[in-house]
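Structural description and commentary
One-letter residues, chain by chain:
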Amino acid sequence: MSRPTRNHEYHYDASDLDRFAEIGEAAPDLARKFFDYYGAVFAEGALSEREKALIGLAVAHSIQCPYCIDVYSTKCLEKGSNVEQMTEAVHVATAIRGGASLVHGVQMRGHVDRLSM
Amino acid sequence: MTLATQHSHPAEPVQQMKRLESLDLSTSFEAAIATTPLGELRSTEVQTLQINVGKRCNQECRHCHVGAGPDRREVMPDEVVDACLSVLCEREIPNLDITGGAPELHPRFEEIITTAARAGRHVMDRCNLTILTVPAYRHLPRFLGDNRVEVVCSLPYYNARETDAQRGDGVFQRSIEALRMLNEVGYGRKDGKSILTLVANPVGAFLPAPQSCLEDDFREELRKRHGVEFSRLITIANMPIARYLDWLDRSGNTDRYMAKLVSSFNGAAALSVMCRNTISVRWDGALYDCDFNQMLDMKMLNGYPGDIFAFDGALLHGRRIAVGPHCFGCTAGQGSSCGGATANQ
């Protein structure tokens, strides 16, 4: 099967997202298990699909995955969320990331205490 | 490539068709339908006469598949109105669906409704809401209620930001005012006598949210923030024709949106698409399989009666429906029709 040409000048290529399934060409059993699991995770359950999409959007920003940001932005809209709700979800990710840095300041202070007179 | 030369006027139908046919889709609509139990799209008995009484409208929405607006001059003439009412009443077609433009602007709008209502037909008025706040039309909520007309209102979202982005500045607030006027005369009450249907369509290049979820959101938000009640909400996908197609092109979204429509093809949704039991009448009396084909001037196949004056229900029953790439807009995901989603997701 011929592959589409890829721009090697950039680490990220938006069209790579459409080729995600190609990852299954090697280690297909693992890929199948992953995609089955992925689909099950995002199905309606104790949390609604909309809630899961908003969590996905927040996590996408936290891990700074441009593919995931595009996918979950669209998914949130298609589940009925609006940009205010989506922005608040991003702030949740931001707060936790920022808080995670800041709380390490306690470790810093403990270390300083140990070294200081 | 941009289709329209002006915002208010979409390209001619032939140009729109050329644009649609130029798209590199992974499959055709005919091939997609062939994979379903239907095999091909054929009509059932005509249940609804949908009459487009003209393209004049007090709004100029960015997604409008009609390209309607204040400067449009197309208005259904008297002889076509008379022929439509004759067909409706003499052929026992149970539903009349009046659309436009803003159908309320037609000079015989009220007469059409009283005639159809007196004949016992279920009448739907596809209303943009804001027309009801214009002084000359403020009596219409009571008139519509008195005639048991189902008011089918466009409201893309429960916030001003999204609604105004699609339909124009200030439209949301005026729509809320109109909804309150409808509520005051009994629309949206639980007794079910006066049906108030909201129509939500995405404000952008994405598919509608699940209908039942969005209905719950609208109900909660409109009740909490505005004290507005409604009977039900239906979702409709944006059709890649006319102004919306032009917007897709200008925003660089056409290929991705069309790929999404194609990849989201749902054979179950095709069972209930509106073209199967509806006949669409253009302002000049020409007949089409649906309102979208009408806007693309996509005639019925095989020389079926071309206008309302030659209407033949028996001949129209079982006809093969003319389809094109835009038809993926009605079969994506949960499906989309004048009656909303056509399949459960």
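Predicted model, so just to flag it, every value in this text is computed and none were measured. (Residues numbered from 1 in each chain as written. Chains lettered and ligands numbered in written order. Predicted model: local features only at pLDDT ≥ 70, side-chain atom pairs only at ≥ 80, totals over all residues. Heavy atoms only, no water.)

This brings us to the overall build of chain B. For chain B, the count of helices and strands is 14 helices and eight strands. Computed over the C-alpha atoms, the radius of gyration of chain B is 19 Å, within 12% of the 20 Å expected from 2.2 N^0.38 for a compact globule of 345 residues. Taken over the C-alpha atoms alone, chain B extends approximately 50 × 45 × 40 Å along its principal axes. Across the 345 residues that make up chain B, the buried fraction comes to 61%. Counted over contacts in chain B with a minimum sequence separation of 6, partners at least 24 positions apart contribute 73%. Positive and negative charge centroids in chain B, built from 37 and 42 side chains respectively, lie 3 Å apart. (Helix = DSSP H or I, 4+ residues; strand = E, 2+ residues; numbered from the N terminus. Rg over C-alpha atoms; globule rule 2.2 N^0.38 Å. Buried < 20%, exposed > 50% of the residue type's maximum accessible area, 1.4 Å probe, protein only. Contact = heavy atoms within 4.5 Å. Lys, Arg positive; Asp, Glu negative; His and termini not counted. Charge placed at Lys NZ, Arg CZ, Asp CG, Glu CD.)

All told, the structure shown has 27 salt bridges over all chains when counted by the stated rule. A salt bridge links K79 of chain A to E49 of chain A; its shortest N-O distance comes to 3.2 Å. Separated by 30 residues along the polypeptide, K79 of chain A in the loop between α3 (66-78) and α4 (83-115) and E49 of chain A in helix α2 (residues 49-62) bring together distant segments of the chain. Note that R19 of chain B is salt-bridged to D249 of chain B, the shortest N-O span being 2.8 Å. Taken together, the residues R19 of chain B in helix α1 (residues 13-21) and D249 of chain B in helix α9 (residues 242-250) connect sequence positions 230 residues apart. Exposure class is identical for R19 of chain B and D249 of chain B. Each is buried. Residues joined by salt bridges that share partners form a network here, namely D78, D82, R108 and E111 of chain B. (Salt bridge = Lys/Arg side-chain N within 4 Å of Asp/Glu carboxyl O.)

This part takes up the packing of aromatic side chains. Here the structure, examined in full by the defined rule, presents 14 aromatic pairs over all chains. Ring centres of F34 of chain A and Y38 of chain A lie 5.6 Å apart, and the angle between their planes is 50 degrees; this geometry places the pair in the tilted category. With F34 of chain A and Y38 of chain A both in helix α1 (residues 28-41) and four residues apart, this pair spans about one turn of that helix. We classify Y38 of chain A as partly exposed; its relative accessible area is 32%. Sitting over the face of the ring of F230 of chain B, R219 of chain B holds its NZ or CZ atom 4.3 Å from the ring centroid. (Phe/Tyr/Trp six-rings, centres within 6.5 Å; stacked < 30°, edge-to-face > 60°. Lys NZ or Arg CZ within 6 Å of the ring centre and 35° of its normal.)

On to the nonpolar core, then. Membership of the largest hydrophobic core comes to 101 residues, with the highest contact counts inside it found for L49, I51, F218, I308 and F311 of chain B. Excluding residues that lie within four positions of it along the chain, F218 of chain B makes contacts with L155, P156, Y157, Y158, L198, A200, R223, F230 and L233 of chain B. (Core = buried A, V, L, I, M, F, W, Y, C linked by side-chain atoms within 4.5 Å.)

All right, on to helix α7 (residues 171-184) of chain B then. Two residues of an α-helix separated by three or four positions point the same way, owing to the 3.6 residues in each turn. Residues and elements named next belong to chain B. Taking 1.5 Å per residue, 14 residues should reach 20 Å; α7 reaches 20 Å between its end C-alpha atoms and fits that length. Those residues of α7 lying buried are V171, F172, S175, I176, A178, L179, M181, L182 and N183. Looking at the buried residues of α7, the elements they touch are α5 (140-146), β4 (150-154), α6 (160-167), β5 (196-200) and α8 (211-226). At the C-terminal side of α7, G186 shows a positive phi close to 105 degrees. (Expected span 1.5 Å × (residues − 1).)

So, on to the confidence of the model for chain B. All names here are of chain B. For chain B, the mean per-residue pLDDT works out to 92, and 96% of the residues sit at or above 70. Taken as a whole, residues 1-6 scores under 50 in pLDDT and shows 15 contacts with residues more than four places along the chain or in a different chain. The complex prediction reports pTM at 0.88, with the ipTM value standing at 0.77. (pLDDT = per-residue confidence, 0-100.)

On to helix α10 (residues 254-263) of chain B, then. Residue and element names in this part refer to chain B. Here α10 has its buried residues at T254, Y257, M258, L261 and V262. Along the axis of α10, the buried positions cluster into a sector of 135 degrees, meaning they face one direction only. For α10, the exposed residues lying more than 90 degrees away from the buried face are D255, R256 and S263. (Arc of directions from axis to C-beta.)

Next up on the list: the packing of helix α3 (residues 78-90) of chain B against helix α4 (residues 109-118) of chain B. Residue and element names in this part refer to chain B. For the pair α3 and α4, interaxial distance at closest approach is 10 Å and the crossing angle is 15 degrees. Regarding the angle of α3 to α4, the classification is roughly parallel. As for the relative orientation of α3 and α4, their crossing is right-handed in sense. Facing α3, whose interface residues are V81, L85, L88 and C89, α4 presents I112, T115 and A116. Considering only residue class, the contact of α3 with α4 consists of six nonpolar, one polar and no charged. (Axes fitted to C-alpha atoms, helices over the stretch in contact; angles between N-to-C directions. Parallel < 35°, antiparallel > 145°, perpendicular 65-115°, else oblique. Left-handed = near helix turned anticlockwise from the far one by under 90°. Nonpolar A, V, L, I, M, F, W, Y, C, P; charged D, E, K, R; others polar.)

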